[in-house]
Amino acid sequence: MDFVITPPDRPVLVVLGTDRRFPISRIFCIGRNYGAHAREMGHDPDREPPFFFQKSADCADQTGVFPYPPGTEDVHHEIELVACLGRGGREIRAEDAADHVFGYAVGIDMTRRDLQAEMKAAGRPWEIGKSFDSAAPMGPVHPVSEVGHPTRGRIALLVNGTTRQSGDLDQMIWPLAQQIAHLSALQTLQAGDLVFSGTPAGVGPVQRGDTLIAEVDGLAPLTVSVG
């Protein structure tokens, strides 16, 4: 095939303990999926159906360095458990969703909160607050064959050694299986899709020079320096 420009390399993730790579198709993120986080953002979690936004696939970053982005003075951390789909499908049943997951990773949904708030106030899409260079720091992918399907356990984020976020995976309003079922009822999911499953309470700003440690029970911790 003859391209008019050189196609960019497809973003990939390291698979823990192997030389293999996981190719990324799309990144879906659920909003306000922990009750305490929904309330700290000023919303009633009991009145919302699940909703999602997207980050570009090339937002995923495994360098361990988060370059502070331009155009903002208020970047927030949001730790999340990420499901990495090994199979796609349409109208996947929640009871079958686990069969579509290749593995799991620790991720951080970095957010330009000031830009997001400006877009919300103006009634505009707020992708600019969520999708930008290195906006999704991630750890290695842990295959299901090694870690199973995490449904409970501590999820936490520390900034310079101080715990900022802490919760349990079983506090999700919409468990990952239901998230995958909901997404697949609206569009065909693809192998390589990532699903960021929501963040517990305690989101807050990062500053240049900070060190973030993101932890999910059973997975390797993710350490990120703010450049």
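This text gives an overview of the structure that appears in the document. (Residues numbered from 1 in each chain as written. Predicted model: local features only at pLDDT ≥ 70, side-chain atom pairs only at ≥ 80, totals over all residues. Heavy atoms only, no water.)

### Re the overall build of the protein chain
To keep it simple, the criterion reads: Strands are runs of DSSP state E lasting at least 2 residues, helices are runs of H or I lasting at least 4, and numbering of each runs from the N terminus. The size measure is the radius of gyration over C-alpha atoms, and the globule rule it meets is 2.2 Å times the number of residues to the 0.38 power. Burial classes: relative accessible area under 20% of the type maximum marks a residue as buried, over 50% as exposed, and values in between as partly exposed (1.4 Å probe, protein chains only). Two residues form a contact once any of their heavy atoms are found within 4.5 Å. In these tables, accessible area is a Shrake-Rupley quantity obtained with a 1.4 Å probe, and a residue counts as shielded only by the protein chains included in the view. Only four residue types enter the tally: Lys and Arg on the positive side, Asp and Glu on the negative side, with His and both chain ends excluded. Lys charges are placed at NZ, Arg charges at CZ, Asp charges at CG and Glu charges at CD.
Within the protein chain one finds four helices and 18 strands. Scaling as 2.2 N^0.38, a compact globule of 227 residues should have a C-alpha radius of gyration of about 17 Å, and the protein chain matches this with 17 Å. Dimensions of the protein chain, computed from the C-alpha atoms along their principal axes, are close to 45 × 40 × 40 Å. Counting across all 227 residues of the protein chain, residues that qualify as buried make up 51%. Expressed as a percentage of contacts within the protein chain between residues at least 6 apart in sequence, the contacts between residues at least 24 apart total 74%. Accessible surface, the protein chain: about 10,700 Å² in total, of which carbon and sulfur atoms supply 51%. Charge separation in the protein chain, taken as the distance between the mean sites of 20 positive and 29 negative side-chain charges, equals 3 Å.

### Some points on the pattern of salt bridges
Test applied: One speaks of a salt bridge when a side-chain nitrogen belonging to Lys or Arg is within 4 Å of a carboxyl oxygen belonging to Asp or Glu.
For the structure on display, the rule yields eight salt bridges. Note that Arg-26 and Asp-193 form a salt bridge whose closest N and O atoms lie 2.8 Å from each other. Here Asp-193 lies in the loop between α4 (176-186) and β15 (194-196) and Arg-26 lies in the loop between β2 (21-23) and β3 (27-30), a separation of 167 residues in the sequence. Where Arg-93 meets Glu-95, a salt bridge forms, and the shortest distance between an N and an O atom there is 3.4 Å. The class of Arg-93 is partly exposed, set by a relative accessible area of 49%. By relative accessible area, Glu-95 is classed as exposed at 56%.

### Some words on the sheet that holds strand β10 (residues 111-112)
The line we're drawing: Should DSSP find at least two bridges between two strands, the strands are taken to pair.
Ordered in space as β10-β7-β16, the three strands form an open sheet in which the pairing is antiparallel. Each edge of the open sheet carries a strand with a single partner, namely β10 and β16 (204-205). Both strand β7 (residues 75-77) and β16 contribute to a ladder of two bridges, which runs antiparallel. Looking at the pairing, His-76 lines up with Pro-205 of β16.

### As for the packing of aromatic side chains
Basically, it comes down to this: Any Phe, Tyr or Trp ring, taking Trp's six-membered ring, that has another such ring centre within 6.5 Å forms a pair; planes under 30 degrees apart are called stacked, those over 60 apart edge-to-face, and the others tilted. Each ring is checked for a lysine NZ or an arginine CZ that lies within 6 Å of its centre and within 35 degrees of its normal; such an atom marks a charge sitting over the ring.
Considering all chains together, one arrives at three aromatic pairs under this definition. Here Lys-120 stacks its cationic end above the ring of Trp-126, 5.2 Å away from the centre of that ring. In this structure, Arg-208 is placed above the aromatic ring of Tyr-68, and the distance from its NZ or CZ to the ring centre is 4.1 Å.

### Observations regarding the side chain of Thr-199
For clarity, the cut-off: A 3.5 Å cut-off defines polar contacts: any pair of N or O atoms within that distance qualifies, except that in protein one atom must be a possible hydrogen donor and the other a possible acceptor, and neighbouring residues in sequence count only when both atoms are side-chain atoms.
Here Thr-199 is to be found in the loop between β15 and β16. Polar side-chain contacts of Thr-199 include one of 2.8 Å to the backbone oxygen of Ile-79. Of the polar contacts made by the side chain of Thr-199, one reaches the side chain of Gln-165; its length is 2.7 Å.

### Concerning the sheet that holds strand β18 (residues 222-226)
Read from one edge to the other, the open sheet built from five strands follows the order β6-β18-β17-β13-β14, with strand pairing classed as mixed. Looking at strand neighbours, the two that pair on one side only are β6 (65-66) and β14 (162-168), the edges of this open sheet. In this structure, strand β13 (residues 154-159) lies alongside β14, joined through six bridges in antiparallel fashion. Looking across to β14, one finds that Ile-155 is bridged to Gly-167.

### Notes on helix α2 (residues 113-121)
To keep things clear, this is the line we draw: By construction, the arc corresponds to the directions joining the helix axis to the C-beta atoms.
For α2, the set of buried residues is Arg-113, Leu-115, Gln-116 and Met-119. Around the axis of α2, the buried residues are gathered within 165° of arc, so they sit on the same side. Buried residues along α2 sit against β7 and β10. Gly-123, located one to two residues past α2, shows a positive phi value of around 70°.

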